[in-house]
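Descriptive structure summary
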Amino acid sequence: MSKSKELFSEAKKYIPGGVNSPARAFKAVENDPLFIEQGKGAFIYDVDGKKYIDYVGSWGPMILGHNHPAVVEALQQQLMKGSSFGAPTKLETILAEMVVEGVSSVDKVRMVNSGTEATMSALRLARGYTGRTKIIKMEGCYHGHGDSLLVEAGSGITTLGIAGSAGVPAKMAEETIVVPYNDISALEEVFKEYSQDVAAVILEPVTGNMGVVAPKNGYLESLREITKKYGTLLIFDEVMTGFRLAYGGAQELYQVEPDLTTFGKIIGGGLPVGAYGGKREIMNYIAPEGPVYQAGTLSGNPLAMTAGISTLKLLKEEGVYNTLEEKGKLLEAGIQENIRKVDIPVVFSRIGSMFTLFFNGSDVTDYQSAKGSNTKAFSIYFNKMLEEGIYLPPSQFEANFISLTHSKDEIEATVEANYKALLEVKEKAKL
Ligand SMILES: Cc1ncc(COP(=O)(O)O)c(C=O)c1O
Ligand SMILES: NCC(=O)CCC(=O)O
């Protein structure tokens, strides 16, 4: 038995399902999770000593690759000074200023400890600011596990094939209206009925949590117009896309400004951080300045701020996002060629350094089309890639991430493995 399997059965005795987040459980791919010993650059090493090229990147944060020396050095220095004070440090202002300078719609930003906290807090703020209660979310978008948002959510909810979560009060869920992603007329219909009740529309501007799906031409612009018309706040959940698709996130890439933005993943440089920010007038509603309460013992934690600052400093350098795009293009070209050669119904969807291979014969533009993917084929693909030393998110409905440390060699090795895995899928799934 592998050490990973041993550790997993031990973990299951003390931790529900053996994991601290369901997305890692490998349930949909009929396998057991690897236990990871260490990471370096584009690679992770499991406890059995096997080396993998990593496309999970801790689900997004590790855009610089694992254990970047500058981040490690900065963390070591900060650790000598102390890990938490529960009092202000200048590090918080430095990171906040970097976010404000980097993201055009953000005048002020509040640090929290996870993406979940960021979206929960942004919703409370939107409700407090507008005095309205309903929110609109898009099918298949995942915004963390806050009650209001665990409705028709992507990521683990979709992976496990469940509708939502037990324990969410029906009254709470009723305040959430769900419409399909990329569908403006569905949104307009909802606004006709609830024009004065909707505090916020929240979405992933480019989705990662039903797999990578891009907004249709003009979709984000229309969202901006409609929300403005009805006095509803537009919230871009950029937990995944922030500092990933561009330094200024999807809103920079598509040139559409939301009222509020949520962040996580990359701004914590691998440590637990989330944040929400936006227009000054709205952000001033947060306590102690305003009436919307939101707090955190470890919020703005100096270690987390340090990891975030040193990560963003490196991402600010000239050419970083072009480099990521080049890597994405190289991988895409290789995989598209494989898809042609193997002649298999697969859609390769990519924006910058985020991508998903949908085992799907039709275009994927929303949750319904994403769910039409062949999850059995994905499972075969996933396990073959793992065998070939490529570590992917263990679900069809997730984004893969390329880091700055994925070199030509790693990308070529991935393309080679992808060819073998597609062949295996074609044969075993009879595609
Ligand atoms: C778009 C998006 N929002 C929110 C979250 C929740 O973040 P966290 O897992 O840090 O709570 C995630 C990922 O988990 C995400 O991808
Ligand atoms: N796309 C899914 C995530 O980013 C979250 C991972 C987790 O919940 O463990």
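Residues numbered from 1 in each chain as written. Chains lettered and ligands numbered in written order. Predicted model: local features only at pLDDT ≥ 70, side-chain atom pairs only at ≥ 80, totals over all residues.

A word on the domain arrangement of the chain. Split by domain assignment, the chain resolves into domain 1 (3–67 + 319–428) and domain 2 (70–315). Summarising the inter-unit geometry, the C-alpha centres of domain 1 and domain 2 are found 25 Å apart. Contributions of two or more residues to the side of domain 1 that touches domain 2 are made by helix H12 (320–342), strand S11 (347–351), strand S12 (354–358) and helix H13 (367–371). Grouping the amino acids of the side of domain 1 that touches domain 2 by side-chain chemistry returns 19 nonpolar, eleven polar and four charged. (Domains from an automatic or database assignment. Helix = DSSP H or I, 4+ residues; strand = E, 2+ residues; numbered from the N terminus. Nonpolar A, V, L, I, M, F, W, Y, C, P; charged D, E, K, R; others polar.)

Structurally, Asn-383 can be placed in helix H14 (residues 375–387). Taking the C-alpha atoms as reference, Asn-383 lies 8.8 Å from Glu-30; in sequence the two are 353 residues apart. Asn-383 has contacts with Val-29 and Asn-31, leaving out every residue within four places of it along the chain. (Contact = placed C-beta atoms within 7 Å.)

This part takes up H14. End to end, H14 covers 18 Å across 13 residues, agreeing with the expected 18 Å (1.5 Å per residue, within 8%). Those residues of H14 not exposed but buried are Ala-377, Phe-378, Ser-379, Ile-380, Tyr-381, Phe-382, Met-385 and Leu-386. (Expected span 1.5 Å × (residues − 1). Buried ≥ 20, exposed ≤ 12 C-beta atoms within 10 Å, placed from the backbone.)

Our focus in this paragraph is the sheet that holds strand S5 (residues 134–138). A sheet is described by the order of its strands in space; here seven strands give the open sequence S4-S10-S9-S8-S7-S5-S6, paired in mixed fashion. Either end of the sheet is taken by a strand with one partner, and the two such strands are strand S4 (108–112) and strand S6 (176–179). The sheet shows a mean angle of 20° between the axes of neighbouring strands, direction not considered. As paired strands, S4 and strand S10 (residues 274–278) are joined by five bridges and run antiparallel to one another. (Pairing = 2+ DSSP bridges. Axes fitted to C-alpha atoms, helices over the stretch in contact; angles between N-to-C directions.)

Under the present numbering, the feature "modified residue: N6-(pyridoxal phosphate)lysine" (unreviewed entry) in UniProt falls on Lys-265. Residues contacting Lys-265, with those up to four places away along its chain left out, are Trp-59, Gly-60, Pro-61, Gly-115, Val-239 and Met-240. (UniProt positions renumbered as here; feature names shortened; annotations may be inferred.)

What tends to happen in soluble globular proteins is that the nonpolar side chains get buried as a cluster. Ranked by size, the top nonpolar core spans 120 residues in total, and within it Val-99, Ala-126, Ala-200, Ile-235 and Ala-275 carry the most contacts. Excluding residues within four positions of it along the chain, Ile-235 makes contact with Ala-122, Ala-126, Ala-200, Val-201, Ile-202, Pro-258, Asp-259, Leu-260 and Thr-262. (Core = buried A, V, L, I, M, F, W, Y, C linked by C-beta atoms within 7 Å.)

Attention now goes to the site of ligand 1. Neighbouring ligand 1 are 15 residues; Ser-114, Gly-115, Thr-116, Gly-144 and Val-239 lie closest to it. Element by element, the count of residues in the shell around ligand 1 is highest for helix H4 (residues 115–130), at three residues. The residue makeup of the shell around ligand 1, split by class, is three nonpolar, ten polar and two charged. (Near = placed C-beta within 6 Å.)

For S10, the buried fraction is high: five of the five residues fall into the buried class. Side-chain alternation along S10 places Gly-274, Tyr-276 and Gly-278 on one buried face and Ala-275 and Gly-277 on a second face that is also buried.

Below, the discussion takes up the site of ligand 2. Taken together, Ser-21, Ala-23, Arg-24, Trp-59, Gly-60, Ser-155, Gly-156, Gly-208, Asn-209 and Glu-398 make up the full set of residues near ligand 2. Its residues placed into classes, the shell around ligand 2 shows two nonpolar, six polar and two charged. When residues are assigned to domains, the shell around ligand 2 turns out to be shared by domain 1 (3–67 + 319–428) and domain 2 (70–315), each giving three or more.

Attention now moves to the packing of H14 against helix H15 (residues 408–428). Their axes nearest at 9 Å, the elements H14 and H15 cross at an angle of 140°. Relative to H15, the element H14 lies oblique. For the crossing formed where H14 meets H15, the hand is right-handed. Contacts between H14 and H15 involve Ala-377, Ile-380, Tyr-381, Lys-384 and Met-385 on the former and, on the latter, Ala-417, Lys-420, Ala-421, Glu-424, Val-425 and Lys-428. Of the residues assigned to the contact of H14 with H15, the class counts are seven nonpolar, no polar and four charged. (Parallel < 35°, antiparallel > 145°, perpendicular 65-115°, else oblique. Left-handed = near helix turned anticlockwise from the far one by under 90°.)

Judged by pairing direction, the sheet is mixed, and its four strands sit side by side in the order S1-S2-S3-S13 without closing on themselves. The outermost strands of the open sheet, each flanked by one partner alone, are strand S1 (36–40) and strand S13 (390–391). The pairing of S1 with strand S2 (residues 43–46) spans four bridges and is classified as antiparallel. Bridge pairing links Lys-40 to Phe-43 in S2.

A few words now on unusual backbone geometry. That bond from Ala-287 to Pro-288 is cis: its omega, 10°, falls within 30 degrees of zero. In this structure, Pro-288 sits in the loop between helix H10 (280–283) and helix H11 (302–315). The residue Glu-152 is not glycine, and still its phi comes out positive at about 45°. Looking at where Glu-152 falls in the secondary structure, it is placed in the loop between S5 and helix H5 (156–159). For Lys-430, which is not glycine, the phi torsion reads 55° and is therefore positive. Within the element layout of this structure, Lys-430 appears in the segment after H15. A residue is classified by how many C-beta atoms lie within 10 Å of it, and Lys-430, with 7 of them, is exposed.

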